[in-house]
Amino acid sequence: MTASIHEDVERVILTEERIRERVAELGAAISADYGDEPVLLIAVLRGAALFVADLARTISSPVEIDFMAVSSYGSSTKSSGVVRILKDLDEGIEGRHVLVVEDILDTGLTLKYLLKNLASRKPRSLEVVTLLSKQGKQRVPIDCKYVGFDVPDEFVVGYGLDYDERYRNLPYIGVLKPEVYTDQPPSVGTSAQGDGYS
Ligand code: 5GP
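Peer 1: Would you mind going over helix H3 (residues 109-119) in detail, with residue names and values included?
Peer 2: Because each turn of an α-helix spans 3.6 residues, side chains separated by three or four positions end up pointing in the same direction. Looking only at H3, the buried set comprises Leu109, Thr110, Leu111, Leu114, Leu115, Asn117 and Leu118. On its buried face, H3 sits against strand E2 (39-45), strand E3 (63-72), strand E4 (83-87), strand E5 (97-105) and strand E6 (125-134).

Peer 1: Give me the sheet that holds E3: which residues, what numbers.
Peer 2: Pairing in this open sheet of six strands is mixed, and the strands run E4-E3-E2-E5-E6-E7 from one edge to the other. This sheet does not close on itself; its edge strands, each paired only once, are E4 and strand E7 (146-151). Neighbour-to-neighbour, the strand axes of the sheet open up by a mean angle of 30°, direction not taken into account. Sheet topology note: the E3/E4 ladder contains four bridges and is antiparallel. Across the sheet, valine 70 pairs through a bridge with isoleucine 85, a residue of E4. Seen against the sheet, helix H1 (residues 16-34) touches E2, E5, E6 and E7 and runs at an angle of roughly 150° to E7.

Peer 1: Got a sec to walk through the layout of surface pockets? Specific residues and values, please.
Peer 2: Computed from the structure, the second largest pocket encloses a volume of approximately 170 Å³. Sorting the residues of the lining of the second largest pocket by element identifies H1 and helix H2 (49-56) as the ones contributing at least two each. The element best represented in the lining of the second largest pocket is H1, accounting for five residues. Considered class by class, the residues forming the lining of the second largest pocket number seven nonpolar, one polar and three charged.

The rules behind each value
Residues numbered from 1 in each chain as written. Predicted model: local features only at pLDDT ≥ 70, side-chain atom pairs only at ≥ 80, totals over all residues. Heavy atoms only, no water. Buried < 20%, exposed > 50% of the residue type's maximum accessible area, 1.4 Å probe, protein only. Helix = DSSP H or I, 4+ residues; strand = E, 2+ residues; numbered from the N terminus. Contact = heavy atoms within 4.5 Å. Pairing = 2+ DSSP bridges. Axes fitted to C-alpha atoms, helices over the stretch in contact; angles between N-to-C directions. 1 Å grid on protein atoms, 1.4 Å probe; cavity = no way out; pocket = protein on both sides within 12 Å on 5 of 7 lines; lining within 4 Å. Points joined across faces, edges and corners; volume = space filled by probe spheres on them. Nonpolar A, V, L, I, M, F, W, Y, C, P; charged D, E, K, R; others polar.

Here it is in structure tokens:
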């Protein structure tokens, strides 16, 4: 039998069912807030790809979807807050309702930069939905209107979140066994994005 990615998981933090229920609640709240107004979901690649696919299907307001990819400058262990845009939006956002879709809010440095950049493009409104938020880790205040779950300060994978580009396809969110890490677990509270897509 071939090895399964599930065998590398030490602990499940959020089950598939809990994620599905919470995503539906977020979608209902977003639908209630936007009503018939069109909303542009901007998903931050790659981590938020799975989340946005599920979230969009729970929103009843007219939705459009666009993607951005960003990379943090600096070493893999320190989020500098300086962000490079690897892939920009395909369309302008001026005068539109924009909802940024994030996988996880850690220090908040990446999102802070992104929001400043997007705000300069004059959207009609600019809000954030994040699936996960690391408790007590934000180094900069981020006004995040919709938060799926507060999670402890541990390195988590699954449902779009990777370790070394793997485990994004786990249907749940969990913590890996220590022996899976080639070196040591990616330093949490810093940017785990390295120089590529998150
Ligand atoms: P921030 O600028 O908020 O510190 O960085 C947020 C980004 O770091 C997330 O979008 C994600 O790519 C990455 N990140 C932070 N914590 C984790 C984690 O626990 N697991 C994974 N896979 N990525 C994380």
